[in-house]
Amino acid sequence: MTTGKNILLVSFDDCIAFQNYRDAFGVRLQTPNLDRIMARAAVFNAAYCQVPLCGPSRASFMTGRMPHEIGLLSN
């Protein structure tokens, strides 16, 4: 019997690749759990949104459809 791979999607709103800003405030961010997950995972360091508004972009991401297709164009 073979088992499939587990998939865990961690999505941050307004986080903008936190690993690039770990030392931005003079104290290094301590993220041991995320570091451990990232060491064993596929990490995407750039992302693009469908609309520059939170609500329509999130709805599009969750449904797989463009904001104009689901009729959600504003927050």
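Parameters and conventions
Residues numbered from 1 in each chain as written. Predicted model: local features only at pLDDT ≥ 70, side-chain atom pairs only at ≥ 80, totals over all residues. Heavy atoms only, no water. Helix = DSSP H or I, 4+ residues; strand = E, 2+ residues; numbered from the N terminus. Buried < 20%, exposed > 50% of the residue type's maximum accessible area, 1.4 Å probe, protein only. Contact = heavy atoms within 4.5 Å. Areas by Shrake-Rupley, 256 points an atom, 1.4 Å probe, with all protein chains shown as cover. Arc of directions from axis to C-beta. Patch = residues over 30% accessible without salt bridge, like charges linked within 9 Å, V, L, I, M, F, W, Y side chains within 5 Å. Salt bridge = Lys/Arg side-chain N within 4 Å of Asp/Glu carboxyl O. pLDDT = per-residue confidence, 0-100.

Colleague: Hey, could you run me through the overall build of the protein in this one?
Modeller: Helix and strand counts for the protein stand at 3 helices and 0 strands. Tracing the protein from N to C terminus, the helices and strands come up as α-α-α. The proportion of buried residues among the 75 residues of the protein is 12%. Contacts spanning at least 24 positions in sequence make up 16% of the contacts within the protein whose residues lie at least 6 apart. Surface exposure of the protein reaches about 6800 Å², of which carbon and sulfur atoms provide 58%.

Colleague: What should I look at first to understand the side chain of Ser-57 in this one?
Modeller: Tracing the backbone through its elements, the reader meets Ser-57 in helix H2 (residues 54-63). What Ser-57 contacts, discounting residues up to four positions off in sequence, is Cys-49, Gln-50 and Val-51.

Colleague: Would you take a moment to explain H2 for this structure?
Modeller: Structural remark: α-helix, 3.6 residues per turn; residues separated by three or four positions point the same way. If you check which residues of H2 are buried, you get Pro-56, Ser-57, Ala-59 and Ser-60. The buried residues of H2 occupy one face: seen down the axis, they fall within an arc of 165°. Where H2 ends, the next residue or the one after it, Gly-64, has phi of about 80°, a positive value.

Colleague: I would appreciate a short explanation of a nonpolar patch on the surface in the present structure.
Modeller: Residues Leu-8, Val-10 and Ile-37 make up a contiguous nonpolar surface patch of roughly 280 Å² in combined accessible area. With respect to the element layout, Val-10 can be found in the segment before helix H1 (32-39). Residue Val-10 is classed as partly exposed on the basis of its relative accessible area, which comes to 43%.

Colleague: I would appreciate a short explanation of the pattern of salt bridges in the present structure.
Modeller: Side-chain pairs of opposite charge can arise whenever the charged atoms involved come near each other. This structure, assessed with the given rule, holds 1 salt bridge. One salt bridge in this structure joins Glu-69 and Arg-65, with 4.0 Å as the shortest N-O distance.

Colleague: It is not clear to me how the side chain of Ser-60 should be interpreted in this structure. Could you clarify?
Modeller: In this fold, Ser-60 is placed in helix H2. Contact partners of Ser-60, with chain neighbours within four places excluded, come to Gln-50, Arg-65, Met-66, Pro-67 and Ile-70.

Colleague: I would appreciate a short explanation of the confidence of the model for the protein in the present structure.
Modeller: Atom-level detail of predicted coordinates should not be read off regions where pLDDT is low. Per-chain confidence: the protein averages 81 in pLDDT, with 87% of residues scoring 70 or above. Of all the helices and strands in the protein, H1 carries the lowest mean pLDDT, 86, while helix H3 (residues 67-70) carries the highest, 92.

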